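Fold and contact review
Below are the chains, spelled out letter by letter.
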Amino acid sequence: GEAPAPSSNGGARAAAVRTRAAGDPLGIGFVGAGNFATSMLLPHLKARKDVRLTGVVTASGLTARGAAEKFGFAFCASDADELFHDASTHAVFVVTRHHLHAAFVERALRAGQAVFVEKPLATTAEEMSRVTDAVRSIEASSGRPAPLLVGFNRRFAPLSRQLAAHFPSGGGPLVVSYRVNAGFLGRESWYQDPSEGGGRILGEVCHFLDYVAFVAASPITRVYAAGVRDPRGALRADDNLTVSVSCADGSVGTVVYVASGDPAMPKERVEVLGRGRSAVLDNYQALTTWAGNKKKEVKALSVDKGHAEEVARWVSGLRDGADPPIAWSELANASWATLATIESLASGRPVDVARA
């Protein structure tokens, strides 16, 4: 379901953000229709009465046609311009391979469309700068935050919201630990391809960096990454690593991301301590909290990593004219922190995170 390569439109001025008549459904199009789009995003949109699926674009017209028929898109195409120029498309989901994300985000924003992009937002500092220019251009012309969201879905999980609420704000810094038993990914995976995927720090570690900042409610200011050194050459340092994180409010965190564990071990565990309280989130299935020497346990009915809530908040926010559910400053911070992690792993030194 790969999408075509975007052509650059230079630094064109942003068009006015598209509006629609009150009560009209929100026209939503997709660039990319791979497994993630069709399994994790489209099912949540198809059921909504306030959404109309307009166009789907993939490099192979065949994939686009299949997605159009299955989910009820009005048209399919192999040229993304058809979607960006379509007056009935108010918002675009960018779910392509990573190296195309930033250019499509920039084009959609400058066409006056709202954009939901799967992570990463960008794969290089230059791409981040171009997206930032587009965001600032829209803020300047509309006086409103740019309608942009990156798919940091774990913030929206029901147990994540309960975890964050357990630590009242203003009570001092927190210590956050996020361990990921990521599982092995073969070299043939496009995720590991330097030009298309850029590796798992860009595609996945960004999630967990964002989560540390989310729980601390404070931006990341510095990262220090260390990866395994394997003389046999079987293990990659960029998917067997630890990242030490410092936040502006004095909170600290670690992200432990490992491909070489046993796959039967639950995938994710978060521990947070501070402000006289503690909490453990086990794989989005159970949350245990401690406060006042009392322990409380909440179990989820199913593993919910927040995809449905994220899509619901995004769509209803666009429909009601609300600000995006994650502020641009936080999206940019997680993105710059991810690029800093890659730099730190390469240099062996701590790296200060660029400011949004």
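Residues numbered from 1 in each chain as written. Predicted model: local features only at pLDDT ≥ 70, side-chain atom pairs only at ≥ 80, totals over all residues. Heavy atoms only, no water.

So, on to the overall build of the protein chain. Along the protein chain, the regular secondary structure elements total nine helices and 15 strands. Over its C-alpha trace the protein chain gives a radius of gyration of 20 Å, about what one expects of a compact globule, namely 21 Å for 356 residues. Projected onto the principal axes, the alpha-carbon positions of the protein chain cover approximately 55 × 50 × 40 Å. Split into buried and exposed, the 356 residues of the protein chain put 50% on the buried side. For the protein chain, restricting intrachain contacts to residue pairs at least 6 apart in sequence, the fraction spanning at least 24 positions comes to 70%. If you sum the accessible surface of the protein chain, you get close to 15400 Å²; carbon and sulfur atoms cover 53% of it. Distance between charge centres in the protein chain, computed from 39 positive and 36 negative side chains, equals 5 Å. (Helix = DSSP H or I, 4+ residues; strand = E, 2+ residues; numbered from the N terminus. Rg over C-alpha atoms; globule rule 2.2 N^0.38 Å. Buried < 20%, exposed > 50% of the residue type's maximum accessible area, 1.4 Å probe, protein only. Contact = heavy atoms within 4.5 Å. Areas by Shrake-Rupley, 256 points an atom, 1.4 Å probe, with all protein chains shown as cover. Lys, Arg positive; Asp, Glu negative; His and termini not counted. Charge placed at Lys NZ, Arg CZ, Asp CG, Glu CD.)

So, about the packing of aromatic side chains. For the structure shown, the criterion picks out nine aromatic pairs. Judged by centre distance (6.2 Å) and plane angle (35 degrees), the rings of Phe208 and Tyr257 are tilted. Placement of the pair is Phe208 in helix H7 (residues 200–216) and Tyr257 in strand S10 (residues 252–258), with a sequence separation of 49 residues. Of the two residues, Phe208 and Tyr257, both sit in the buried class. Each residue in the set Phe30, Phe73, Phe93, Phe116 and Trp314 is aromatic and connected to the rest through ring pairs, giving one cluster. (Phe/Tyr/Trp six-rings, centres within 6.5 Å; stacked < 30°, edge-to-face > 60°.)

Now for the sheet that holds strand S4 (residues 91–94). Strand order across the open sheet formed by six strands is S3-S2-S1-S4-S5-S6, with parallel pairing between neighbours. Two strands close off the open sheet at either side, each with one partner strand: strand S3 (75–77) and strand S6 (148–150). Neighbour-to-neighbour, the strand axes of this sheet turn through a mean angle of 20 degrees, independent of strand direction. Sheet topology places S4 next to strand S5 (residues 114–117); four bridges connect them, and they run parallel. (Pairing = 2+ DSSP bridges. Axes fitted to C-alpha atoms, helices over the stretch in contact; angles between N-to-C directions.)

With that settled, consider the nonpolar core. Counting residues in hydrophobic clusters, the biggest one holds 102 residues, and the most contacted among them are Ile28, Phe30, Leu45, Leu148 and Leu163. Considering every element that reaches this core, the biggest residue donor is H7, with 12 residues. The contact partners of Ile28, leaving out residues within four places of it in the chain, are Leu45, Val51, Arg52, Leu53, Thr54, Gly55, Phe73, Thr89, Ala91, Phe93 and Val315. (Core = buried A, V, L, I, M, F, W, Y, C linked by side-chain atoms within 4.5 Å.)

Tracing the backbone shows Ser316 in helix H8 (residues 307–320). A polar atom in the side chain of Ser316 sits 2.7 Å from the backbone oxygen of Ala312. In terms of polar contacts, Ser316 uses its side chain to reach the backbone carbonyl oxygen of Arg313, at 3.5 Å. (Polar contact = N/O pair within 3.5 Å; in protein donor to acceptor, adjacent residues only side chain to side chain.)

All right, on to the environment of Cys76 then. By secondary structure assignment, the location of Cys76 is in strand S3. With relative accessibility at 30%, the residue Cys76 sits in the partly exposed group. C-alpha of Cys76 to C-alpha of Val56: the two residues are 20 residues apart in sequence and 4.8 Å apart in space.

Turning our attention to the pattern of salt bridges. Using the criterion set out here, one finds 20 salt bridges in the structure. One salt-bridge network, held together by shared partners, links Arg48, Asp50, Arg319 and Asp320. (Salt bridge = Lys/Arg side-chain N within 4 Å of Asp/Glu carboxyl O.)

This part covers the sheet that holds S10. Spatially, S14-S13-S12-S11-S7-S10-S9-S8-S15 is the arrangement adopted by the nine strands of the open sheet, whose pairing is mixed. Strands with a single pairing partner mark the edges of an open sheet, and in this sheet they are strand S14 (294–299) and strand S15 (351–352). Of the strand pairs in this sheet, strand S12 (residues 277–282) and strand S13 (residues 286–291) are connected by six bridges, and their pairing is antiparallel. Bridging across to S13, Arg277 finds its partner in Ala291. Relative to the sheet, helix H9 (residues 328–347) contacts strand S8 (220–227), strand S9 (240–247) and S15, its axis offset from that of S8 by approximately 35 degrees.

Scanning all chains against the criterion turns up zero disulfides. For the unlinked cysteine Cys206, the closest cysteine sulfur is that of Cys247, found at 16 Å. (Disulfide = S-S within 2.5 Å.)

The next point concerns the packing of helix H5 (residues 125–142) against H9. Across the interface, H5 lies against H9 with an axial gap of 11 Å and an inter-helix angle of 170 degrees. Judged by the inter-axis angle, H5 sits roughly antiparallel to H9. Each of Ala125, Met128, Ser129, Val131, Thr132, Val135 and Glu139 in H5 lies in contact with H9, whose residues at this interface are Trp328, Ala332, Ser335, Trp336 and Leu339. Grouping the constituent residues of the contact of H5 with H9 by class yields eight nonpolar, three polar and one charged. (Parallel < 35°, antiparallel > 145°, perpendicular 65-115°, else oblique. Nonpolar A, V, L, I, M, F, W, Y, C, P; charged D, E, K, R; others polar.)

Time to look at a nonpolar patch on the surface. A surface patch of nonpolar side chains, about 230 Å² in accessible area, is lined by Val175, Val252 and Leu273. Within the fold, Val252 resides in strand S10. (Patch = residues over 30% accessible without salt bridge, like charges linked within 9 Å, V, L, I, M, F, W, Y side chains within 5 Å.)

Let us now look at the pairing of strand S2 (residues 51–57). In terms of residue burial, S2 counts as a mostly covered element, since six of its seven residues are buried. As defined by bridge partners, strand S1 (residues 26–31) adjoins S2 across five bridges and the pair is classed as parallel. Of the residues in S2, the one forming a bridge with Leu26 is Val51. Taking the sense of rotation as the criterion, the β-α-β connection linking S1, helix H1 (residues 35–46) and S2 turns out right-handed. (Right-handed = clockwise from strand over helix to strand, strands pointing away.)

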